[in-house]
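One letter stands for each residue in the lines below.
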Amino acid sequence: MRIYMETERLILRSWKYDDRKPFAEMNGNGNVMKYFPATLSIDESNAFVDRINAEFEETGFGLYAVEIKESGEFIGYVGFHRFTFDVPFSPGWEIGWRISDRFWHKGYATEAAKACLKYAREKHFCDKLYSFTAVPNTPSENVMKRIGLIYMGTFMHPALAKGHWLKEHKLYSIDL
């Protein structure tokens, strides 16, 4: 296991095999996945972990597994993802997060995302980070604001069908 960052309460680290079960539970939770097109099956969740690990191997950066220092409990991920979908600001690096709803309203996403911003500035693997979410997802948007990202406008996510209630996304960014 490699530790990439530590905060006062959290460890951001490489993924362990044991993370797959609680991650699949998160991804199958309708509350956690409320602002995504669908929940994920266990196989889809495991395939997502495999893609996360492949991105780490390819780029050296990615979505870090997050655990609580005090208990060692896995709570989700925070980190970076290289996106290439068809929008004017692509390709780029996204900063994003997904935390189990058992750990919401404790400031963990904000704490870990701030550490990631500092890390991105130190490693300077890109000049700008983006973050985006479906318009109704105000909790995620609030994290973007708290970590200092600037609102850039909206766009229609190309992976979602016309008329889908999550198609319109808010875009934020920050120069590093």
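Use the structure listed above.
Residues numbered from 1 in each chain as written. Predicted model: local features only at pLDDT ≥ 70, side-chain atom pairs only at ≥ 80, totals over all residues. Heavy atoms only, no water.

Draft legend 1. A look at the overall build of the protein chain. Helix and strand counts for the protein chain stand at 4 helices and 8 strands. In sequence order, the protein chain lays out its α and β elements as β-β-α-α-β-β-β-α-β-α-β-β. A compact globule built from 176 residues should have a C-alpha radius of gyration of about 16 Å, and the protein chain, at 15 Å, falls within 12% of that. Across its three principal axes, the protein chain shows a C-alpha extent of roughly 40 × 35 × 30 Å. Looking at the protein chain as a whole, 51% of its 176 residues qualify as buried. Here the contacts in the protein chain between residues at least 6 apart in sequence split such that 61% fall between residues at least 24 apart. About 9,100 Å² of surface is accessible on the protein chain, with carbon and sulfur atoms providing 50% of the total. One finds the centroid of the 23 positive side-chain charges in the protein chain at a distance of 5 Å from the centroid of its 23 negative side-chain charges. (Helix = DSSP H or I, 4+ residues; strand = E, 2+ residues; numbered from the N terminus. Rg over C-alpha atoms; globule rule 2.2 N^0.38 Å. Buried < 20%, exposed > 50% of the residue type's maximum accessible area, 1.4 Å probe, protein only. Contact = heavy atoms within 4.5 Å. Areas by Shrake-Rupley, 256 points an atom, 1.4 Å probe, with all protein chains shown as cover. Lys, Arg positive; Asp, Glu negative; His and termini not counted. Charge placed at Lys NZ, Arg CZ, Asp CG, Glu CD.)

Draft legend 2. Examining the packing of helix α1 (residues 20-27) against helix α2 (residues 42-59) more closely. It is the contact of α1 with α2, at a shortest axis distance of 9 Å, that shows an interaxial angle of 120°. In this view, α1 runs oblique relative to α2, as classed from their interaxial angle. Handedness of the crossing formed by α1 with α2: right-handed. Facing α1, whose interface residues are Arg20, Phe23, Ala24 and Asn27, α2 presents Ile42, Ser45, Asn46, Phe48, Val49, Asp50 and Asn53. (Axes fitted to C-alpha atoms, helices over the stretch in contact; angles between N-to-C directions. Parallel < 35°, antiparallel > 145°, perpendicular 65-115°, else oblique. Left-handed = near helix turned anticlockwise from the far one by under 90°.)

Draft legend 3. Region of interest: the sheet that holds strand β4 (residues 74-83). Sheet architecture is open: 8 strands sit in the order β1-β2-β3-β4-β5-β6-β8-β7, paired in mixed fashion. The outermost strands of the open sheet, each flanked by one partner alone, are β1 (3-6) and β7 (150-156). Within the sheet, the average angular offset between the axes of one strand and its neighbour, ignoring direction, is 25°. Pairing of β7 with strand β8 (residues 168-175), which is carried by 6 bridges, proceeds in the antiparallel orientation. Following the sheet pairing, isoleucine 150 is matched in β8 by serine 173. Against the sheet, helix α3 (residues 108-123) engages β1, β2 (10-13), β3 (63-68), β4, β5 (92-99), β6 (128-134) and β8, with an angle of about 40° to β4. (Pairing = 2+ DSSP bridges.)

Draft legend 4. Highlighting unusual backbone geometry. Residue serine 90 is joined to proline 91 through a cis peptide bond whose omega torsion reads 0°. Relative to the assigned elements, proline 91 resides in the loop between β4 and β5. With phi around 65°, histidine 105 is a residue other than glycine that occupies positive phi space. Tracing the backbone through its elements, the reader meets histidine 105 in the loop between β5 and α3.

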